[in-house]
Amino acid sequence: MNASDLPVANNTPVCYSIKSPPFNFNPSVTSIYFSAIFMALGLPSNLIAFIVLFKSFQRTCSRSRSFFLIFLGGLVVTDFMGLLVTGSIVVSFYVTHFNWRQIDPNCHFCNFMGMSMVFYGLCPLLLSATMAVERFIGINHPFARSTSMPKSRTVSMVLMVWLIAGCIALLPLTGLGSYHIQMPGSWCFFNISSEGKDMAFSLIFSLVGLVCIAVSFLLNTVSVVTLIKVCCGQDRTQRRRDHEVEMMVQLILIMIIASVCWCPLLVFIAKTVLSGGPLRIKYLLLWLRFATWNQILDPWVYILFRRAVFKRVYPRLDWSRGSVMSLYPSFGETVRRFTRASLKSSLGSDETEETEKSNVTAKSALKPEPPPP
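What counts, and where the lines are drawn
- Residue numbering note: each chain is counted from 1, following its sequence as written.
- Totals for whole chains, interfaces and linings use every residue, but because this is a predicted model, local features are given only for residues with pLDDT of at least 70 and side-chain atom pairs only at 80 or more, for both listing and counting.
- To get the side-chain values, take all heavy atoms of the structure and skip hydrogens and water.
- The predictor attaches a confidence to each residue, and that confidence, scored 0 to 100, is pLDDT.
- For this analysis, residues touch if any pair of their heavy atoms sits within 4.5 Å.
- Here, a salt bridge means any side-chain nitrogen of Lys or Arg that lies within 4 Å of a carboxyl oxygen of Asp or Glu.
- Numbering of helices and strands starts at the N terminus; helices are DSSP runs of H or I of at least 4 residues and strands are runs of E of at least 2.
- Each residue is placed in one exposure class: buried if its accessible area under a 1.4 Å probe, protein chains only, is under 20% of its type's maximum, exposed if it is over 50%, and partly exposed if it falls in between.
- Aromatic rings from Phe, Tyr and Trp, taking only the six-membered ring of Trp, are treated as a pair when their centres fall within 6.5 Å; an angle between ring planes under 30 degrees marks them as stacked, one over 60 as edge-to-face, and anything in between as tilted.
- Among the buried residues, those of types Ala, Val, Leu, Ile, Met, Phe, Trp, Tyr and Cys that are joined through side-chain atoms within 4.5 Å form a nonpolar core.

Chemist: Could you clarify how one ought to interpret the confidence of the model for the protein in this entry?
Modeler: The predicted coordinates should not be examined in detail at positions where pLDDT is low. When pLDDT is averaged along the protein, the result is 77, and 71% of the positions lie at 70 or above. Taken as a whole, residues 4-9 scores under 50 in pLDDT and shows 10 contacts with residues more than four places along the chain or in a different chain. Contacts of residues 341-354 to residues separated by more than four positions or lying in other chains number four contacts, the stretch itself having pLDDT below 50.

Chemist: Sorry if this is basic, but what is going on with the pattern of salt bridges here?
Modeler: Close approach of charged atoms lets side chains of opposite charge pair. Scanning all chains against the criterion turns up one salt bridge. Between glutamate 134 and arginine 135 there is a salt bridge, with the nearest N and O atoms lying 3.1 Å from each other.

Chemist: Would you mind going over the side chain of threonine 86 with me for this structure?
Modeler: You can see threonine 86 is positioned in helix H2 (residues 63-96). For threonine 86, a relative accessible area of 13% puts it in the buried group. Discounting residues that sit within four places of it in the chain, threonine 86 has contacts with Met113, Ser116 and Met117.

Chemist: Looking at this structure, I do not really get the packing of aromatic side chains. What am I missing?
Modeler: Each aromatic ring pair is characterised by the separation of its centres together with the angle its planes make. Enumeration according to the criterion identifies 13 aromatic pairs in this entry. Between tryptophan 187 and phenylalanine 189 the ring centres are 5.7 Å apart and the planes differ by 35°, which places this aromatic pair in the tilted class. Of the residues examined, tryptophan 187 reaches a relative accessible area of 4% and is grouped as buried. Following the ring pairs from residue to residue traces out a cluster consisting of Trp187, Phe189, Phe190, Phe201, Phe205 and Trp262.

Chemist: What exactly am I supposed to notice about unusual backbone geometry here?
Modeler: If a residue is not glycine, its phi is most likely negative; likewise, a peptide bond is most likely trans. Positioned with a positive phi, histidine 97 is a non-glycine residue whose angle comes to about 55°. Along the chain, the position of histidine 97 falls in the loop between H2 and helix H3 (100-103). At cysteine 107, a position not held by glycine, the phi torsion is positive, near 70°.

Chemist: Just to check I follow, could you spell out the nonpolar core for this structure?
Modeler: The biggest cluster of nonpolar side chains holds 74 residues, and the ones touching the most others in it are Trp100 and Val118. Top contributing element to this core by residue count: helix H4 (residues 108-140), with 15 residues. Judged by nonpolar contacts, the second largest core, of six residues, contains Met39, Leu43, Val91 and Ile296.

Structural data, given as structure tokens:
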């Protein structure tokens, strides 16, 4: 049923027009422990990650590294606030068992939670795609980005991502879709339906998330291939790319975590609305909890996968060498064997052009000057 197209009967608010509390639910499925554990794990993790990023930002001398840390800081703040806002509402429901119809007769609170779910869900995916674009430009087209670009522009890009996610979250309030109370009555989300405007918003949410993951995968793959060629090429001892390799490792892990956590939910929503079948609330709750793990695992990427941590774990290794690839000589030799052909072809073409230019110059120098009249 498309609730956004239906008139409100008997003065029933839209968010209660399809499902109305109280619900009969299974305590084993809707236990408070899920939300409490997610908050207990996620909030301290993101707080520690923010402190680590702040100290790294103060110590860094690399402009590209500082840009990347600003994006990571925006991602940490988003994950922290997402767990705090949505988790507090869910835990409060299980502790107090409040009646939504009594405390929120006009659906303002339900709309706020639904907007929060959409906003804090799309922000990490949009930020991951934005970071992938930034790293792609920084690695593959370094001269396209001005070295004098201020850090405030990166902050503006983070704010722009938040604005885009906020605009998408506001669409149901304008009539494109609608937010509804969901089983077991502890949370609100947009109506996943195969009819009318509800279907349109469901597809927008799902496709935006999937496109962000696809863009991240494509651009990160190209950036990794470029870095491997640089690290394993003939000039690998002259280029110090340790900080870029570290950033790419972190970005790839963020992409993998987002893909594993979010793809099941996004595919489930798209499949439900396109097939026209009934919404299976059991799987919706399962995949939603999968997606919540993204906000818990993300900060540990920044905490653990840093060179400073590796130095403490393996202090005997020579961490001052030209590239991190030198720590894995067998892997580096294997990759170098695959990239040598492309490197030689590019170098060969350059040498051919230089040879032709030198021949033309030599011929012009040997050519006798015409006699004077």
